[in-house]
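Residue strings, one per chain:
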Amino acid sequence: MSLEKKLLLELAGKYGTPLFVYDGDMIVQRYKDLYNYIKWPQLKIHYAMKANYNFNLLKMLNEAGASLDTVSPAEVLLALKAGFPKDRIIYTANNMTAAEVDEVVKHGVLMNIGSLSELERFGKKYSGSRICLRFNPDVVDGEAAGLMTAGDLSKFGILLKDIEKAKAIVQKYNLTVIGLHEHTGSGLQHTESVFKSMKNVMALATPANFPDLEFLDFGGGFKVPYKPDETRVDYVAMGAEITRLFAEFCKSYGRDLKMYFEPGKFIVAEAGYLLVEVNTLKDNNSRLIAGCNSGFPQLIRPVFYGAYHEVLNLSNPDGAPKVYDVCGNICETGDRFAEQRELPKIREGDILAIRNAGAYCYAMGGVYNLRPMPAEVLIYKGQAKTARRKLSNAELVNSIIGESE
Ligand code: LLP
């Protein structure tokens, strides 16, 4: 565990709950670790900011030298405001409107285009541009069905077999393809999938097809353990194989290209905690329910993907184990962070920590039932600071009223 339980309890006391806490040192370390695993001189890590777009966290990663994967004009705007130069940002949206494309092009950020129809529209308007092309690597993998982003069921990327069609559009509009991209899925279960997707895209990346390539981008999806007994991927071995494959490819391409990856979860998931307080206990015919002061709009992964998040009882770690449903405060039966989970005895007032809350938790949050999102605290270089405060109920209500005519 990256942050001490004692510190988390102190923060819960100081800032109140619910509260997101992020270990900034771990985040920066994870970013740097990738350079130790994948030893390619021209490696660029584009943090997938959709995983956690906290502004202070972005500024911290910018200082560490990271690049970014962005998916909407507002993400690009936020990235620029956090100080990321435009040449360290790549834009990989899908089903883009013309207005969105215009906005991103205006910022000078590189477009990664993943459908023939979008490519045609882009070429017509911005002929002569430099672009990246996203292919569907035709490898199906991911933590859950909804997290597999390749194969026939996926809306993403140009099919490998449509390469000639893509080339024809590129030629028609005098576009320069400087990069090829693929993203297989999130939480890839098999390292073999990473290699297979790489190979499928590298097979297209010949000098005859794309003579102007500067980089290949192999997306994100690096898995981290969520369950206590889950094994950690051997990233040293995986990185060595990635480097070997890429070196072999560059040799056949005729020169060394840059290699990009776009991890989100790997960098931030394990560095985050959602701290909640249990305020109501119930014995439902021996099903014990621990009701707490947060709910699925603040951490939706268990409800949305059936994802497992480890729960710790911070304030009674040595209590006798009992089995609980850990429920939220939302008016829906399915509002559970954990189901039938053995935990040290929970008392009203106990503070629980929900682990791996750094990726796709606050970022996927909302205010359903009208409770403001919790504050976020970032701990970095020995200092804790509020990275985003919680709105008051009055501010939340005013923001709603303010939006009406
Ligand atoms: N690159 C592209 C083009 C992506 O679509 C994604 C994630 C990533 C990189 C980063 O993937 P990561 O390394 O974080 O696995 N909300 C889901 C995850 C959705 C991921 C969508 N795309 C979850 O909570 O598991």
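All of these numbers come straight from a predicted model, not from anything done at the bench. (Residues numbered from 1 in each chain as written. Predicted model: local features only at pLDDT ≥ 70, side-chain atom pairs only at ≥ 80, totals over all residues. Heavy atoms only, no water.)

## Quick notes on the overall build of the chain
Definition in use: Helix and strand assignments follow DSSP, with helices taken as H or I runs no shorter than four residues and strands as E runs no shorter than two, numbered in order from the N terminus. Our radius of gyration looks at C-alpha atoms and nothing else; its globule reference is 2.2 Å times the residue count to the power 0.38. The cut-offs for exposure are 20% and 50% of the maximum accessible area for each residue type, with area from a 1.4 Å probe on protein chains only; residues under the lower value are buried, those over the upper are exposed, and the others partly exposed. Only heavy atoms enter the contact rule, under which two residues are in contact if any of them lie within 4.5 Å. The accessible surface values rely on the Shrake-Rupley method and a 1.4 Å probe; as for residues, cover is taken only from the protein chains in view. In this count, Lys and Arg are taken as positive residues and Asp and Glu as negative ones, while His and the chain termini are left out. Working definition for charges: the position is that of NZ of Lys, CZ of Arg, CG of Asp or CD of Glu.
When helices and strands are counted, the chain shows 12 helices and 18 strands. Against the globule reference of 22 Å for 405 residues, the chain gives a C-alpha radius of gyration of 23 Å, in line with a compact fold. Overall size of the chain, expressed as C-alpha extent along the three principal axes, is 70 × 55 × 40 Å. By residue count, 55% of the 405 residues in the chain fall in the buried class. Taking contacts inside the chain between residues at least 6 apart in sequence as the whole, the part at least 24 apart equals 70%. Surface exposure of the chain reaches about 17,800 Å², of which carbon and sulfur atoms provide 51%. Averaging the coordinates of the 48 positive side-chain charges in the chain and doing the same for the 48 negative ones gives two points 3 Å apart.

## Concerning the packing of aromatic side chains
The description of an aromatic ring pair uses the distance of the two centres, along with the angle that the planes make with each other. Test applied: Any two of the Phe, Tyr and Trp rings considered here, Trp counted by its six-membered ring, make a pair once their centres fall within 6.5 Å; the pair's planes then place it as stacked at under 30 degrees, edge-to-face at over 60, or tilted in between.
Evaluation of the coordinates by the stated rule reveals 19 aromatic pairs. For the pair Phe218 and Phe261, a centre-to-centre distance of 5.7 Å together with 45 degrees between the ring planes defines the contact as tilted. Of this pair, Phe218 sits in the loop between β9 (215–217) and α9 (235–253) while Phe261 sits in strand β10 (residues 258–261), placing them 43 residues apart in sequence. Neither Phe218 nor Phe261 differs from the other in exposure class; each is buried. Through pairs of rings, three or more aromatic residues link up here, namely Tyr37, Trp40, Phe218, Phe222, Tyr235, Phe246, Phe249, Tyr253, Phe261 and Phe266.

## Looking at the nonpolar core
Soluble globular proteins tend to pack their nonpolar side chains together in the buried interior. Spelled out, the test is: We define the nonpolar core as a collection of buried residues of types Ala, Val, Leu, Ile, Met, Phe, Trp, Tyr and Cys that are connected through side-chain atoms lying within 4.5 Å of one another. Each domain's extent is set by a domain assignment, obtained either automatically or from a database.
Counting 105 residues, the largest nonpolar core has Tyr47, Leu133, Leu180, Leu216, Phe246, Met259 and Ile267 as the members making the most contacts within it. If you count residues domain by domain, this core takes at least three from each of domain 1 (24–268) and domain 2 (269–401). By size, the runner-up hydrophobic cluster in this structure holds 15 residues, among which are Leu3, Leu8, Val21 and Ile379.

## Digging into a nonpolar patch on the surface
Filter applied, for reference: Patches draw on residues past 30% relative accessible area with no salt bridge. Two like charges within 9 Å are joined, as are two nonpolar side chains (Val, Leu, Ile, Met, Phe, Trp, Tyr) within 5 Å. Definition used for salt bridges: Asp or Glu carboxyl oxygen within 4 Å of a side-chain nitrogen of Lys or Arg.
Residues Val367, Leu370 and Ile400 make up a contiguous nonpolar surface patch of roughly 220 Å² in combined accessible area. Note that Leu370 resides in the loop between β16 (351–355) and β17 (375–380). Since its relative accessible area comes to 46%, Leu370 is described here as partly exposed.

## Some thoughts on the site of the ligand
Under the convention used in this document: The criterion for a residue being near a molecule or strand is simple. One of its heavy atoms has to lie within 4 Å of it. Side-chain atoms alone can form a polar contact between residues adjacent in sequence; in general such a contact is a pair of N or O atoms within 3.5 Å, and within protein one must be able to donate a hydrogen while the other accepts it. Under the convention adopted here, Pro, Cys and the residues Ala, Val, Leu, Ile, Met, Phe, Trp and Tyr are nonpolar, Asp, Glu, Lys and Arg are charged, and Gly plus all remaining residues are polar.
Contacts to the ligand come from 19 residues, most closely from Ser186, Glu262, Arg301, Tyr305 and Tyr360. Interatomic distance of 3.5 Å between a side-chain N/O atom of Lys50 and an oxygen atom of the ligand. For the ligand, a nitrogen atom lies 2.6 Å from a polar atom in the side chain of Glu262. If the ligand stood free it would expose 580 Å²; the protein chains cover 92% of that surface. Here the shell around the ligand is composed, by residue class, of 6 nonpolar, 7 polar and 6 charged.

## Looking at the pattern of salt bridges
Scanning the model with the defined rule gives 21 salt bridges in all. As a salt-bridge pair, Glu143 and Arg301 come within 3.0 Å of each other at their nearest N and O atoms. Residue Glu143 is found in the loop between β6 (130–136) and β7 (158–159), and its partner Arg301 is found in helix α11 (residues 301–305); the two are separated by 158 residues along the sequence. Residue Glu270 is joined to Arg232 by a salt bridge in which the shortest nitrogen-to-oxygen separation is 2.7 Å. With Glu270 in the loop between α10 (265–268) and β11 (272–284) and Arg232 in the loop between β9 and α9, the pair connects residues that are 38 residues apart, well separated along the chain. Using a relative accessible area of 10% as the deciding quantity, one classes Glu270 as buried.

## Regarding the domain arrangement of the chain
As far as domains go, the chain holds domain 1 (24–268) and domain 2 (269–401). Contacts between the two partners involve 26 residues from domain 1, matched on the other side by 25 residues from domain 2. Where domain 1 touches domain 2, the interface holds 3 salt bridges. For Glu270, the salt bridge identified is with Arg30, shortest N-O distance 2.8 Å. Taken together, the connections running from domain 1 to domain 2 amount to 13 residue pairs in polar contact (both at pLDDT 80 or more). No other element matches the 6 residues that helix α2 (residues 24–37) contributes to the side of domain 1 that touches domain 2.

## As for the packing of helix α6 (residues 116–125) against helix α7 (residues 163–172)
So the rule is basically this: Throughout, an axis means a line fitted to C-alpha atoms (over the contacting stretch in the case of helices), and angles, computed between N-to-C directions, take values from 0 to 180 degrees. Small angles under 35 degrees read as roughly parallel and large ones over 145 as roughly antiparallel, with 65 to 115 read as roughly perpendicular and the rest as oblique.
Contact pair α6 / α7: the axes reach a minimum separation of 9 Å and the direction vectors enclose 5 degrees. On the basis of the axis angle, α6 is roughly parallel to α7. Within the contact between the two elements, α6 uses Leu116, Leu119 and Glu120 and α7 uses Lys165, Ala166, Ile169, Val170 and Lys172. Residue classes in the contact of α6 with α7 are distributed as 5 nonpolar, no polar and 3 charged.

## A closer look at the pairing of strand β2 (residues 43–48)
Stated precisely, the cut-off is as follows: Only strands that DSSP links by at least two bridges are regarded as paired with each other.
Among the 6 residues in β2, 6 count as buried, and that is most of the element. Relative to β10, β2 runs parallel, the two being bridged by 3 bridges. Directly across from Lys44, in β10, lies its bridge partner Tyr260. Here 3 bridges tie β2 to strand β3 (residues 67–70), and the two strands are oriented parallel to one another. When the bridges of β3 are listed, Tyr47 appears paired with Leu68.

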